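Below are the chains, spelled out letter by letter.
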Amino acid sequence: MVKPQTKNKMQDVAKERIAKLFELARKEFDKYPERSNKYVKQARDIATRYNVRFPKSLKIQFCKKCGVFWVQGKNVTVRTNKKTKSVEYECKECKAKKRFGY
Ligand SMILES: [Zn+2]
């Protein structure tokens, strides 16, 4: 009965670290885009290790396929599709598409 709490705490720490990594990725993108991709990779490793899910706000910031950190107008195209009521993200690096309902 005590164990789940420890697990939650670890996940909280993991979530914090992930958020920090994305913050860093955003900050350094202009100067070192390849560093941003490394931060994304680290964040994904942490998420896998601690079984943490990315919140939607973070999911729209990287390409799941090639792992690149997305910056609108640079390496990702964002389109709204009124028909399907969704926002479509297209990675300019690997052409992968991701769709989110709104
Ligand atoms: Zn991609």
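Treat the numbers as computed from the prediction; the structure is a model and nothing was measured.

Rules and cut-offs
- Residues numbered from 1 in each chain as written.
- Predicted model: local features only at pLDDT ≥ 70, side-chain atom pairs only at ≥ 80, totals over all residues.
- Helix = DSSP H or I, 4+ residues; strand = E, 2+ residues; numbered from the N terminus.
- Expected span 1.5 Å × (residues − 1).
- Buried ≥ 20, exposed ≤ 12 C-beta atoms within 10 Å, placed from the backbone.
- Arc of directions from axis to C-beta.
- Pairing = 2+ DSSP bridges.
- Axes fitted to C-alpha atoms, helices over the stretch in contact; angles between N-to-C directions.

1. Details of helix 2 (residues 33-50)
Turning to step 1, where the next piece is worked out: Taking 1.5 Å of rise per residue, the 18 residues of helix 2 would be expected to cover 26 Å, and the 26 Å separating its terminal C-alpha atoms lies within 8% of that figure.
Turning to step 2, where the next piece is worked out: Among the residues of helix 2, S36, Y39, V40 and A43 are the ones counted as buried. The arc that holds every buried residue of helix 2, seen down its axis, measures 100°, which confines them to one face. Structural note: helix 2 exposes E34, D45, T48 and R49 on the side pointing more than 90 degrees away from its buried face.
Turning to step 3, where the next piece is worked out: At the C-terminal side of helix 2, N51 shows a positive phi close to 60°.

2. A closer look at the sheet that holds strand 3 (residues 97-101)
Turning to step 1, where the next piece is worked out: Strand order across the open sheet formed by 3 strands is 1-2-3, with antiparallel pairing between neighbours. The two strands at the open ends of the sheet, each matched to only one other strand, are strand 1 (76-81) and strand 3. Pairs of neighbouring strands in the sheet enclose a mean axial angle of 20°, with direction left out of account.
Turning to step 2, where the next piece is worked out: In this structure, strand 2 (residues 86-91) lies alongside strand 3, joined through 5 bridges in antiparallel fashion. Within strand 3, the residue paired with V87 across the bridge is F100.

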